[in-house]
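Structure assessment
The chain contents come next:
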Amino acid sequence: MPVAQLRRRERLRPAVAALGADAALITSPANVRYLSGLASSNAALLVPAASPATSTGASTDASIGATILATDSRYEGTAREDCPDLEILIERFIEPALARVAATLGVRRLAFEAHEMTVERYEAFTAAVPGTELVPLGRAVEEIRMAKDEEEIALIARACEITSRAFEEIVPLIRPGVTERELAISLERAMIDLGGDGLAFDTIVASGPNGAIPHHVPSGRPFAAGDMITVDCGARYQGYHADMTRTVVLGPPAPWQQDIYDLVAAAQAAGIEAAVPGADVQAVDAAARDLIEGAGHGGHFQHGLGHGVGLEIHEAPIMGYGRTGTLGDRVPITVEPGIYLPGQGGVRIEDTLVVRAGTETAAPQELLTTTTRELLVL
């Protein structure tokens, strides 16, 4: 029996019961995978609020009132192999099928993921269960997902290791005449060759004035002497994501380039130091942002300081101005300040790390991206 997924469903049940709901309909692909173990483009879960019991009283889903996993025939074999403790429902149109099952089971109040379900799907679902009251579940599963178990952290660490090694492999390719797109393709190939299942996101390579665009799409622009080049990349490994950004310079850096690099590096160090269990996410953001603003570059750093990482590349918690919440133990996050000067270029330094309850011998931050953060002069 997949014990980790069972524990996660047990943690969800109190949130469902608190809404007075009989069950929860989980439709977010990442949340379905987290609670069941199935990676699928067409799957949903019906999770009862009450924990079923075996004849011995132990908690399990392998009994009457079990969690039901609905998917289509393309994933039937995988579902039966990976989720042996769940009831499997094979249907092409999974949400109407689960609606019928919920009605048959006497579900009168059903929690659903309102942030994930479209209006069209909601209308179709409510039409299929006219006697059932639907209530928003909120982001209950995402809140559970914030704190990772050690197995999840190990998978993120492996994704980060692949990312770091791939970046180190392609650094020698960075020379005048090579284009942004060519470097991005080489980096993506390296991440796959080193064991990545895929990309965590589309690779960013931004050179020269393009470095002032935080999410620049790699183009045919060739690198030139004097360019600062920002590379934002990440591998995906067994569903878990890595995220790392490094900025290098072709030739000796100009004074303005060295100045903003040093400032971003100091801001990142301050943000990492502030990222401890119990820290307010706005305070972590401010630790880095205040340094940049104090140096007169507040207008050149307008995105958030970082975000959670896991089954999705951007997940809770989000660290930025206007955000709420606190960091907890075993929470993987990124810290990624930047300075972007229109028409000139930019710098971003980003690492994935795990916030942990510190000890006398261990810091409260465990860095997972290991490539040097010193300015590489090529």
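To start, this report covers the structure provided alongside it. This one's a predicted model, so the numbers in the text were calculated from it and none came from an experiment. (Residues numbered from 1 in each chain as written. Predicted model: local features only at pLDDT ≥ 70, side-chain atom pairs only at ≥ 80, totals over all residues. Heavy atoms only, no water.)

1. Some words on the nonpolar core
Residues Leu12, Ile26 and Leu69 are the most contacted members of the largest nonpolar core, which totals 58 residues. A total of nine residues in this core trace back to one element, the largest contributor, which is helix H7 (residues 150-170). Setting aside anything within four residues of it in sequence, one finds Leu12 in contact with Ile26, Leu35, Val47, Ala140, Val141 and Ile144. In terms of nonpolar packing, the next biggest core, distinct from the first, is built from 28 residues, Met228, Tyr261, Val331 and Ile333 among them. (Core = buried A, V, L, I, M, F, W, Y, C linked by side-chain atoms within 4.5 Å. Buried < 20%, exposed > 50% of the residue type's maximum accessible area, 1.4 Å probe, protein only. Helix = DSSP H or I, 4+ residues; strand = E, 2+ residues; numbered from the N terminus. Contact = heavy atoms within 4.5 Å.)

2. Things to note about the packing of aromatic side chains
Taken as a whole and judged by the stated rule, the model has one aromatic pair. Ring geometry for Phe112 versus Tyr122: centroids 5.4 Å apart, planes at 35 degrees, classification tilted. Here Tyr122 lies in helix H5 (residues 119-128) and Phe112 lies in strand S5 (residues 109-112), a separation of ten residues in the sequence. A relative accessible area of 6% means that Phe112 is categorised as buried. Lying over the aromatic face of Tyr237, Arg158 brings its terminal NZ or CZ to 5.8 Å of the ring centre. Taking NZ or CZ as reference, Arg289 lies 4.1 Å from the ring centre of Phe301, over its face. (Phe/Tyr/Trp six-rings, centres within 6.5 Å; stacked < 30°, edge-to-face > 60°. Lys NZ or Arg CZ within 6 Å of the ring centre and 35° of its normal.)

3. What about the sheet that holds strand S1 (residues 23-26)?
One open sheet accounts for six strands, arranged S4-S3-S2-S1-S5-S6; its pairing is mixed. Looking at the sheet topology across the chains shown, the edges are occupied by strand S4 (87-90) and strand S6 (133-136). Averaged over all pairs of adjacent strands, the angle between strand axes in this sheet comes to 25 degrees, irrespective of strand direction. Together, S1, strand S2 (43-48), strand S3 (68-71) and S4 form the strand contacts of helix H4 (residues 94-104), whose direction differs from that of S2 by roughly 20 degrees. Along the sheet face, H5 touches S1, S5 and S6 and points at about 145 degrees away from the line of S6. (Pairing = 2+ DSSP bridges. Axes fitted to C-alpha atoms, helices over the stretch in contact; angles between N-to-C directions.)

4. Considering the state of the cysteines
Defined simply, a disulfide is a covalent bond joining two cysteines at their sulfur atoms. For the structure on display, the rule yields zero disulfides. Distance from the sulfur of Cys160, which forms no disulfide, to the nearest cysteine sulfur (Cys233) is 10 Å. Residue Cys233 is classed as buried on the basis of its relative accessible area of 0%. (Disulfide = S-S within 2.5 Å.)

5. Structural notes on the pattern of salt bridges
Opposite charge on two side chains allows them to pair when their charged atoms are near. In the structure shown here, the tally under the stated rule is 22 salt bridges. The closest approach of N and O atoms between Arg13 and Glu10, which form a salt bridge, is 3.1 Å. Of this pair, Arg13 and Glu10 both sit in helix H1 (residues 3-18), three residues apart, which is roughly one turn of the helix. For Arg13, a relative accessible area of 3% corresponds to the buried category. Beyond isolated ion pairs, a larger network of salt bridges with shared partners links Arg145, Lys148, Glu312 and Glu315. (Salt bridge = Lys/Arg side-chain N within 4 Å of Asp/Glu carboxyl O.)

Keep in mind that these numbers describe shape and distance, not what the molecule does.
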